[in-house]
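# Inside the fold
If you want the building blocks of each chain, they are given just below.
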Amino acid sequence: VQLVQSGGGLVQPGGSLRLSCAASGFTFNRYDMSWYRQAPGKERELVAIITSSGGSTNYEDSVKGRFTISRDNAKNTVYLQMNSLKPEDTAVYYCNVRLNYGRDDYWGQGTQVTVSS
């Protein structure tokens, strides 16, 4: 299983970024996919999750209306579009998949997102 992330970087408050996560090594269209983030000194938290078909999504309260998770099952890729970014969104972002009925967690390599003027 491999999850390879791209995107991220430094952006001013109010700006936008898109993260991508290309998956391989498992049947992508059978599994929910998630994005997490971890800020310095804080625990990793779930940001957004999307079902295997892409038909349902859920978001952490602080990002609702600003972030959008989506997926392209033909490309085995999940995305996180982040708009109206705030300094408190600064964190390392990780994509995640849980396989084997939730017993096994796999993570992307992490991508730094910094929101600062």
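Now for a look at the structure at hand. (Residues numbered from 1 in each chain as written. Predicted model: local features only at pLDDT ≥ 70, side-chain atom pairs only at ≥ 80, totals over all residues. Heavy atoms only, no water.)

## A word on the environment of Leu 46
Relative to the helices and strands, Leu 46 is located in strand 5 (residues 45-50). Spatially, the C-alpha atom of Leu 46 lies 16 Å from that of Cys 21, the residues being 25 residues apart in sequence. Excluding anything up to four places from it in sequence, Leu 46 contacts Ser 34, Trp 35, Tyr 36 and Glu 60. (Helix = DSSP H or I, 4+ residues; strand = E, 2+ residues; numbered from the N terminus. Contact = heavy atoms within 4.5 Å.)

## Comments concerning the state of the cysteines
Tallied over the full model, the rule gives 1 disulfide. With a sulfur-sulfur separation of 2.1 Å, Cys 21 is cross-linked through a disulfide to Cys 95. An S-S torsion of about 55° defines the bridge between Cys 21 and Cys 95 as right-handed. With a gap of 74 residues between them, Cys 21 in strand 3 (residues 17-24) and Cys 95 in strand 9 (residues 91-99) connect regions that are remote in the sequence. (Disulfide = S-S within 2.5 Å.)

## Digging into the sheet that holds strand 7 (residues 67-72)
The sheet built from 4 strands is open, its strands ordered 1-3-8-7 with antiparallel pairing. Two strands lie at the open edges of the sheet, namely strand 1 (2-6) and strand 7, each paired on one side alone. Ignoring which end each strand starts from, the neighbouring axes of this sheet average 15° apart. The pairing of strand 1 with strand 3 spans 5 bridges and is classified as antiparallel. Note on strand 3: the bridge partner recorded for Val 4 is Ala 22. (Pairing = 2+ DSSP bridges. Axes fitted to C-alpha atoms, helices over the stretch in contact; angles between N-to-C directions.)

## A look at the environment of Ser 34
Considering the arrangement of structural elements, one finds Ser 34 in strand 4 (residues 33-38). Ser 34 sits in the buried class, given a relative accessible area of 6%. (Buried < 20%, exposed > 50% of the residue type's maximum accessible area, 1.4 Å probe, protein only.)

## Quick word on the environment of Gly 14
Here Gly 14 lies in the loop between strand 2 (9-11) and strand 3. What makes Gly 14 exposed here is its relative accessible area of 53%. When the C-alpha positions of Gly 14 and Pro 87 are compared, they lie 9.2 Å apart, and in sequence the two are 73 residues distant.

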